[in-house]
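Structural overview
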Amino acid sequence: MTTAIHTELDADGILTLTIDVPGQSMNVITPEVQADLTAAIERLKTDDAVKGAVLTSGKASGFMAGADLKGMGALMGGGKLPEGKSRMAALFDAVFGLNRLLRDLETCGKPVAAAVNGLALGGGLEFVLACHYRVIADNPKITLGLPEIMVGLFPGAGGTQRLPRLMGVQAALMYLLQGKNMSPQEALGFGVAQEVAPLAEIVARAKAWVKANPNGGVQPWDAKNFKMPGGPATALNPNFAQMFVGGNAMTHVNAGDNMNAPRAILSAVYEGVQVPMDLAIRIESKYFAKVVADPQAGNMIRSLFVSKQAAEKGARRPKDVPPAPTKKVAMLGAGLMGAGIAMVSAQAGIEVVLLDTTQEAAEKGKQYTADRLAKKKTPADKAQAILDRIKPTTDYADLAGCDLVIEAVFETREIKAKVTQATEAVLGPDVIFGSNTSTLPITGLAEAWSKPENFIGIHFFSPVEKMPLVEIIVGKKTGAAAIAKALDYVAQIRKTPIVVNDSRGFYTSRCFGTYVQEGLALLGEGTVPALIENVGKQMGMPVGPLAVNDEVGLDLSYKVAQQTKKDLGDAYKGGPGETVIEKMNEIGRFGRKNAKGFYVYPEGGAKKYLWPDLVQTVAGGLADTQPDAAEVKERLLYRQLVECARCMGEGVLETPQDGDLGAIFGWGFAPFTGGPFSAMDTIGIANVVATLDRLAQRHGERFAPPQYLRDMAAKGESFYGLAAKKAA
Ligand code: NAD
């Protein structure tokens, strides 16, 4: 006997169904929940003593967070399905079960009300929508929504059918396609909720409605006189058709036609709302099965949900090191990065000593936090408490008592060595020292700290307070205590960590750089700049390669290339786009910072546009033969893929999970792929190698697949397959 839903019958014959999934801090839909609900529905149908039901949650954390996504993984990527049926038919059965169950609930013949005490997301909200009456607690922080699209899925338990029938097709599409949440008051306005009441009263109010409405067990859409909000749902209604023109356009703009789920949602809503509910939920499940059958959703769920959560919970943390939370951090350098790191640390309750060469610079670093808190309209007392934790200084003696150091001074080896030694003189070498360098190998920098096992890379992204990723870099001598300390700190500031080994550019800067460089190479060959930029965005990158380079600064790209050339000597291999950068620097076009780069940035904030003289200046004019969009996409994509594969082959990366998370959250690599390693596995390693060989022959060595990838192809292996074998 399972007890995921507790039942209690009161004197009025109202059965309270309290969902309280054992062993979980938040309710999720498990097989036990479904079994208990099935039994409860049977009782509602057959027991005359039961007049109706109230569905509520036994968890203070909320009502229900939806499907167990880890469990969903079993359905995907060739998970075990019943024998003797086609894969699609078996998938349909697997996903239709819950849909059918909720339909049984709403057609059980007796009134059922939901009493929603906290968040109801995804399948959680779908449970609520299948009830005939909905009372939500009056806490504005409660979120109600169907966010499945964020992980490449869509609501498959009636959500695409009930939401439009409650709030109208147009409003429902906004919520379904954007995964947007609503507050209880918004839900009330849209007719998604009928009452918003104090938390202590929701169950009583729900019961009162059930008691007063013995015939209330019929959904509006099952009543004869049902009218679709916003007008009839038929292709003959021009307004109805028009909504889908808008929906299609919005989907195209947002997802560049790369994602399956938005298209499936549009189809399920369009077809489903025109037919009765029993057929509508079958249509929904058909599209849901199609989405589940494609590797896209599985890849997205694995990276955006499973791997992300695992990383945040310490998947890469050395197990035998005791917890090492940071109480007081020494922040060396109060520039752009130091100021941001000080802010997120202070927000996490950590004391910060913010050191720079002048008091003015240190104070300016603290002001960064004050400005951002003011912009966010943080309440004065809360903002003051955060600011009180930041102590700006120029005096190394003030670092006393710090249990972690983070360095973000100028990107110069000598300056970094100087501040490292000055810090050690005060704190001693047992404290963990983290450098936020973006390019200098950690192993070399560690020489300035007398215990290199306590030296590590803690690489943030700009702007620190917004970017979710932190790349932890393990130097040759870095020890387990330093890795644990760095990961515990990243958990404190609530960011997502990846752990990589030392190498020039580490993982993220190195691989992201290839996207930009390939864009430059295409430009140098005389390719139409708008083609390069548009294809970059179309393939799912947040911005085109030329636009990114303008943001970073073309002068900085030039300096990094010069420094690398100096460091590597004969081993340096300049990319084909290098002359483009040299030329732009020669003529003083540095990017957004001086309002002229690959783009022109008009005064007064008007929209930037590509510099009309660009191709003529850097390539002597447009090439006679232009590549087509598919060719440009292939080059921009495979140049990144091959570099990622090299990072794995060279041991910079140890797991494909780190690689996928770092790519998506560090440089915005097309999230719908699940990351470069998921993408390569899905394409098939042998196919990746064949494409790289072809590209290398045509465009040069930079595309040549590493031996590691060839060996994988020969053995028929995949990145995640190998990782699973290693973990077993
Ligand atoms: P920045 O120029 O804005 O800030 C550097 C700060 O260090 C300045 O305030 C400077 O006064 C201070 N400083 C210089 N020498 C010092 C010394 N001897 N003692 C104390 N303070 C000193 O630079 P930034 O963009 O904040 O970058 C800092 C570090 O972070 C660099 O190593 C950079 O490579 C790295 N990084 C930058 C980014 C980025 O996007 N800007 C991203 C990741 C990592």
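Each residue is numbered by its place in its chain's sequence as written, counting from 1. For a predicted model such as this one, the threshold for reporting local features is a pLDDT of at least 70, and the threshold for listing and counting side-chain atom pairs is 80 or more; totals across whole chains, interfaces and linings nevertheless cover every residue. Excluding hydrogens and water, the side-chain figures rest on all heavy atoms present in the structure.

Moving on, we come to the side chain of Gln161. You can see Gln161 is positioned in helix H5 (residues 159-167). Relative accessibility under 20% of the residue-type maximum defines a buried residue, over 50% an exposed one, and the middle range a partly exposed one, all with a 1.4 Å probe and only protein chains included. Exposure remark for Gln161: the relative accessible area of 0% places this residue in the buried category. Any pair of nitrogen or oxygen atoms within 3.5 Å is treated as a polar contact; in protein, a donor-acceptor pairing is required on top of that, and neighbouring residues in sequence qualify only through side-chain atoms on both sides. Here the side chain of Gln161 touches Thr160 through a polar contact of 3.0 Å, side chain to side chain. In terms of polar contacts, Gln161 uses its side chain to reach the backbone carbonyl oxygen of Ala268, at 3.0 Å. The contact criterion used throughout is that any non-hydrogen atoms of two residues lie within 4.5 Å. Excluding residues within four positions of it along the chain, Gln161 makes contact with Ala268, Val269, Gly272, Val273, Met277, Ala280, Ile281 and Glu284. The secondary structure listing takes helices from DSSP runs of H or I that are at least 4 residues long and strands from runs of E that are at least 2 residues long, numbered from the N terminus.

With that settled, the discussion passes to the sheet that holds strand E1 (residues 5-9). Each strand in a sheet pairs with its neighbour through backbone hydrogen bonds, running either in the same direction (parallel) or in the opposite one (antiparallel). Two strands are said to pair when DSSP picks up at least two bridges between them. Spatial ordering of the open sheet is given by E1-E2-E3-E4-E6-E9, a layout of six strands whose pairing is mixed. Both edges of this open sheet fall to E1 and strand E9 (195-197), since each of them pairs with a single strand only. Each strand of the sheet is rotated relative to its neighbour by a mean of 20°, with strand direction disregarded. Bridge count for strand E3 (residues 52-57) against strand E4 (residues 112-116) is three bridges, and the pairing is parallel. Considered in E4, the bridge of Val54 is made with Ala113. Angles here are taken between N-to-C directions and fall from 0 to 180 degrees, while the axes themselves are lines fitted to C-alpha atoms, restricted in helices to the stretch in contact. Of the strands in this sheet, E1, strand E2 (14-19), E3 and E4 are in contact with helix H1 (residues 31-46), which crosses E1 at around 20°.

A few words on the packing of aromatic side chains. Here the distance between the centres and the angle between the planes together describe a pair of aromatic rings. Two rings from Phe, Tyr or Trp (for Trp, the six-membered ring) form a pair when their centres are within 6.5 Å of each other. A pair whose planes differ by under 30 degrees is stacked, one over 60 is edge-to-face, and the rest are tilted. Per the counting criterion, the structure on display carries 16 aromatic pairs. On the basis of an interplanar angle of 20° and a centroid distance of 5.5 Å, the ring pair of Phe240 and Tyr270 is categorised as stacked. Of this pair, Phe240 sits in helix H9 (residues 238-255) while Tyr270 sits in helix H10 (residues 260-272), and the two are 30 residues apart along the sequence. Pairing Phe244 with Tyr270 gives two aromatic rings, centres 4.9 Å apart and planes at 85°, and the pair type is edge-to-face. Of this pair, Phe244 sits in helix H9 while Tyr270 sits in helix H10, and the two are 26 residues apart along the sequence. For Phe244, a relative accessible area of 7% puts it in the buried group. Taken together, the ring pairs connect Tyr507, Phe512, Tyr515, Trp667 and Phe669 into an aromatic cluster. Ring-over charges, as used throughout, are those where CZ of Arg or NZ of Lys falls within 6 Å of the ring centre and within 35 degrees of the ring normal. The ring of Trp611 carries Arg589 above its face, with NZ or CZ at 3.8 Å from the centroid. Over the ring of Tyr599 we find Lys608, and its NZ or CZ is 4.6 Å from the ring centre.

With that out of the way, let us pick up the nonpolar core. Here the nonpolar core consists of buried residues drawn from Ala, Val, Leu, Ile, Met, Phe, Trp, Tyr and Cys, with membership extended through side-chain atoms lying within 4.5 Å. The biggest cluster of nonpolar side chains holds 185 residues, and the ones touching the most others in it are Phe127, Leu163, Tyr507 and Phe598. If you tally residues by element for this core, the top one is helix H25 (residues 629-649), at 10 residues. With near-sequence residues (within four places) excluded, Phe127 lies in contact with Ile19, Ile29, Val33, Leu37, Leu55, Phe63, Met64, Leu98 and Leu102. In this structure, Phe460, Val464, Leu487 and Val490 belong to the second largest nonpolar core, which totals 39 residues.

We define a salt bridge as a side-chain nitrogen of Lys or Arg found within 4 Å of a carboxyl oxygen belonging to Asp or Glu. Tallied over the full model, the rule gives 39 salt bridges. A salt bridge links Lys485 to Asp403; the shortest N-O distance between them is 3.2 Å. Of this pair, Lys485 sits in helix H18 (residues 480-492) while Asp403 sits in the loop between strand E12 (390-393) and strand E13 (404-407), and the two are 82 residues apart along the sequence. Lys485 gets classed as buried once you look at its relative accessible area, which sits at 7%. For Glu631, the salt bridge is made with Arg698, and the minimal N-O distance between the two is 3.2 Å. Linking Glu631 in helix H25 with Arg698 in helix H28 (residues 685-699), this pair joins segments that are 67 residues apart in sequence. Taken together, the shared-partner salt bridges in this structure form one network comprising Arg103, Glu106, Arg162, Asp222 and Asp278.

The local shell around the ligand holds 21 residues, among which Met337, Asp356, Glu411, Lys416 and Ser438 are the closest. Leu336 is positioned with one of its backbone polar atoms (N or O) 3.0 Å from an oxygen atom of the ligand. Protein coverage of the free-state accessible area of the ligand, which is 830 Å², stands at 77%. Mapped onto the shell around the ligand, the elements with two or more residues apiece are helix H13 (336-347) and helix H16 (413-427). Sort the elements by how many residues they give to the shell around the ligand and H16 lands first, with three residues. The residue makeup of the shell around the ligand, split by class, is 10 nonpolar, eight polar and three charged. If a single non-hydrogen atom of a residue is within 4 Å of a molecule or strand, that residue counts as near it. Surface accessibility follows the Shrake-Rupley procedure with a 1.4 Å probe radius. Residue values consider only the protein chains on display as shielding. Each residue gets one label: Ala, Val, Leu, Ile, Met, Phe, Trp, Tyr, Cys and Pro are nonpolar, Asp, Glu, Lys and Arg are charged, and the others, such as Gly, are polar.

How large an interface is tends to be reported as the accessible area lost when its parts come together. Domain annotation of the protein chain identifies domain 1 (5-293), domain 2 (328-502) and domain 3 (508-626). Start and end points for every domain follow an automatic or database-based domain assignment. Distance between the C-alpha centres of domain 1 and domain 3: 48 Å.

For strand E16 (residues 469-474), a buried count of six out of six residues is recorded, marking the element as mostly surrounded by other parts of the structure. Both strand E15 (residues 455-459) and E16 contribute to a ladder of three bridges, which runs antiparallel. Bridging from a neighbouring strand, His459 pairs with Glu471 of E16. Across six bridges, the pairing between E16 and strand E17 (residues 496-501) is parallel. Looking at the pairing, Val470 lines up with Pro497 of E17. If you view a crossover with the strands going away from you and the path from the first strand over the helix to the second runs clockwise, you call it right-handed. Regarding the hand of the β-α-β motif, the stretch spanning E16, H18 and E17 is right-handed.

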